[in-house]
Amino acid sequence: AGVAMFYLGALFAFALFFAEAGAVDLSYVAAVYEHSPVLNPEPRVPLSRLEALQHLQKNLDTFEDQAARAAQQGAHIIVFPEDGLQGFNFSRSSIAAYLESVPDPEQERWNPCLEPHRHNHTEVLQQLSCMARRYRLYLVANMADLQPCPLTTAPATCPPDGRWQFNTNVVFSSEGLLVARYHKHNLYFEAAFDVPPRPEIVTFDTPFAGKFGLITCFDILFREPAVTLVEKGVRQMVFPSAWMNQLPLLTSIQFQRAFSLGANVTLLAANIRNDQLIMTGSGIYTPFSATYHHARRGDPQEGRLLVARVPVLDPEWTCFLSGPSPPPASPVFISSMMYDPFTFALLGPAGGEAGVCNGTFCCHLRYRWLRESSRAEVYALGAFAGTHTVNGRYAVQVCALVRCAGSDASSCGLEVEEAESQLDFVLEGTFGSRFVYPSVLASGMVLEQPELVQTSADGRVRLKHSSRTGGLVTACLYGRMYHLDAAQSEKKKHCTTILLILIPKNALLV
């Protein structure tokens with residue numbers, strides 16, 4: 001993997017060289033916009049179409065400004081976040097005035113900017129199309145979509161009112177042509193929307209970088225469609241999201257980076273900015289680089305445009321090792337992290353090795369202190385294998401090195417943002433899935449690039465790293481056991497009941 005990462009870095013350098021020399025360009029410029037939307041203060045109250053359009057226009061004006069800024073910086077593509085136009089927390093009826101029917105680009109070739117009268121009530125689609133055409137860039141946005149569902153022919157799958165309402169990504173070419181439409185499959189407490197009858201695997205082709213795949217927010221934690229896209233060879237992903245951060249393992253930039261590394265893809269991630277709902281964190285990630293933003297407490301609640309030149313990815317980035325080594329025995333304890341009962345082992349003051357098992361799943365750590373905090377910070381190695389059941393139900397295997405919030409063992413697994421201690425370490429585990437997503441989070445919500453990530457044919461994954469920019473908050477190997485998700489479907493109704501009790505009254509629906 002180290003050789004492969006060196007090769008990709010060299011490829012990127014050559015791409016930049018040839019671009020400057022006027023030869024074939026092997027890179028492109030991507031932009032993502034973290035949007036602080038103008039929200040409907042009463043999303044449960046139905047509006048007229050005119051009132052909805054007046055609200056939508058406020059956010060469309062911001063999109064227009066940011067598309068212009070991105071184009072000035074040479075962007076080929078810009079991505080806007082999930083719910084960035086209408087906001088969230090609507091009911092099925094109250095979102096009705098915001099809905100537009102998005103035609104299927106695979107069935108119909110349509111440029112809304114040039115043919116605005118072909119379809120009625122498509123004002124948002126027309127503006128997005130003209131925006132892409134005006135600034136000569138590919139544009140990805142998220143909107144509310146209405147599709148007919150005839151009760152006479154599909155009574156088993158149709159909602160009672162005979163129509164589908166979808167959380168939808170739309171993509172426009174630099175000419176304004178509608179080139180892709182994707183309906184989000186894994187909804188997160190979204191009462192306004194329906195789950196599509198089957199997972200949609202949607203890609204679009206570009207003249208500057210080839211093929212991109214489309215996923216939305218919660219999709220990234222599930223096999224369909226994210227992993228299916230990767231298995232089909234898609235190495236560039238577009239990711240609008242409205243993600244609420246949750247330390248210590250699932251902050252937005254942390255998992256965005258982890259997915260990019262673990263799936264070996266470029267990820268163009270645009271998130272919402274909303275401090276009340278703990279929403280921030282966007283980035284442009286490749287397997288060997290990251291341009292990202294995570295707002296700090298006290299920062300003005302405003303949008304942020306990120307622009308970066310990235311390479312067109314070579315799909316080959318694999319490295320195999322052999323011979324797993326068993327973890328040494330360490331005193332262990334149970335503590336809750338992300339609502340899951342992790343088995344932890346504390347790290348010793350002298351460095352060395354630690355091992356911990358949760359059932360038959362084991363994690364192993366070799367470490368050396370580079371700098372210890374004057375506050376005597378406590379760190380622990382944690383392992384969990386099982387079904388996560390809070391705010392979503394899915395099977396995981398996780399190895400995590402975390403800074404504990406306090407000096408006692410019970411504080412391990414609580415949310416922490418700052419740290420002073422720095423380590424040189426190798427974290428590894430043998431996973432029952434090949435879908436393992438690595439991340440390293442440093443003090444102050446800073447992402448660090450792992451020095452080496454290696455995967456063996458027997459499922460062993462190794463993350464090697466040395467702290468560089470600040471104290472270590474979390475290092476994680478987050479394995480998703482997609483094949484076990486289906487086995488839990490019978491319990492979903494019970495799980496949903498529990499979740500609805502836990503979610504606060506004004507919680508975001510993403």
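Given the structure is predicted, the values throughout are model-derived calculations rather than measurements. (Residues numbered from 1 in each chain as written. Predicted model: local features only at pLDDT ≥ 70, side-chain atom pairs only at ≥ 80, totals over all residues. Heavy atoms only, no water.)

Undergrad: When you look at unusual backbone geometry in this model, what are you seeing that I'm missing?
TA: Comment: phi is negative for the bulk of residues other than glycine, and the bulk of peptide bonds are trans. Omega for the peptide link from Glu224 to Pro225 comes to 0 degrees, which places this bond in the cis form. With respect to the helices and strands, Pro225 occurs in helix α4 (residues 223–231). A positive phi angle is found at Asn89, which is not glycine, with a value near 70 degrees. Looking at the secondary structure, you find Asn89 in the loop between β2 (77–79) and α3 (123–135). You will see that Cys217, though not glycine, has its phi angle at about 40 degrees, which is positive. Tracing the backbone through its elements, the reader meets Cys217 in the loop between β7 (210–214) and α4. (Helix = DSSP H or I, 4+ residues; strand = E, 2+ residues; numbered from the N terminus.)

Undergrad: Just checking my understanding: could you explain the sheet that holds strand β13 (residues 333–337) for this structure?
TA: Neighbouring strands of a sheet are bound in pairs by backbone hydrogen bonds; such pairs are parallel or else antiparallel. Judged by pairing direction, the sheet is antiparallel, and its seven strands sit side by side in the order β13-β14-β17-β18-β24-β20-β21 without closing on themselves. In the strand order of this sheet, the two ends are held by β13 and β21 (446–447), each with one partner. The pairing of strand β18 (residues 394–403) with strand β24 (residues 472–480) spans seven bridges and is classified as antiparallel. Among the inter-strand pairings, Ala400 is bridged to a residue of β24, identified as Cys476. (Pairing = 2+ DSSP bridges.)

Undergrad: It is not clear to me how the sheet that holds β2 should be interpreted in this structure. Could you clarify?
TA: Taken together, six strands build an open sheet; the order of strands is β5-β4-β3-β2-β1-β12 and the sheet is mixed. What marks the edges here is a single partner per strand, and that holds for β5 (178–183) and β12 (304–311). Each strand axis lies, on average, 30 degrees off the axis of its neighbour in the sheet, ignoring direction. Pairing geometry for strand β1 (residues 27–34) and β12, over eight bridges, is antiparallel. Residue pairing across strands places Ala31 opposite Val307, the latter belonging to β12. (Axes fitted to C-alpha atoms, helices over the stretch in contact; angles between N-to-C directions.)

Undergrad: What is the right way to read the UniProt feature "active site" (unreviewed entry) in the chain from this model?
TA: Taking the UniProt record as the reference, the feature "active site" (unreviewed entry) is found at Glu82, Lys184 and Cys217. The annotated residues occupy 136 residues of the chain but converge on a single region, no pair of C-alpha atoms lying more than 10.1 Å apart. With respect to the helices, strands and loops of the structure, Glu82 is situated in the loop between β2 and α3. Exposure remark for Glu82: the relative accessible area of 0% places this residue in the buried category. Within the structure, the side chain of Glu82 is placed 2.9 Å from the side chain of Lys184, a separation counted as a polar contact. (UniProt positions renumbered as here; feature names shortened; annotations may be inferred. Buried < 20%, exposed > 50% of the residue type's maximum accessible area, 1.4 Å probe, protein only. Polar contact = N/O pair within 3.5 Å; in protein donor to acceptor, adjacent residues only side chain to side chain.)

Undergrad: I would appreciate a short explanation of the state of the cysteines in the present structure.
TA: Two cysteines whose sulfur atoms are joined by a covalent bond form what is called a disulfide. Scanning the model with the defined rule gives five disulfides in all. A sulfur-sulfur separation of 1.8 Å characterises the disulfide bridge that pairs Cys149 with Cys158. When the S-S torsion is -100 degrees, as for the bridge of Cys149 with Cys158, the disulfide is left-handed. Between the sulfur atoms of Cys404 and its disulfide partner Cys412 the distance amounts to 2.0 Å. The sign of the 85 degrees torsion about the S-S bond sets the Cys404-Cys412 disulfide as right-handed. With respect to burial, Cys404 and Cys412 carry one shared label: buried. Should the bonded cysteines of the chain be numbered as they appear in the sequence, the pairing reads 1-2, 3-4, 5-6, 7-8, 9-10. Note on Cys476: no disulfide assigned, nearest cysteine sulfur contributed by Cys399 at a separation of 8.2 Å. Judged by its relative accessible area of 1%, Cys476 is buried. (Disulfide = S-S within 2.5 Å.)

Undergrad: How do you make sense of the nonpolar core when you look at a structure like this?
TA: What tends to happen in soluble globular proteins is that the nonpolar side chains get buried as a cluster. Judged by nonpolar contacts, the single largest core of 78 residues is most densely connected at Phe259 and Phe425. In terms of residue count, the dominant contributor to this core is β18 (seven residues). When neighbours within four sequence positions are excluded, Phe425 is seen to be in contact with Leu365, Arg366, Tyr367, Leu401, Leu463, Lys464, His465, Leu472 and Ala475. Counting 37 residues, the second-largest nonpolar core is a separate cluster that includes Val29, Leu99, Trp110 and Phe193. (Core = buried A, V, L, I, M, F, W, Y, C linked by side-chain atoms within 4.5 Å. Contact = heavy atoms within 4.5 Å.)

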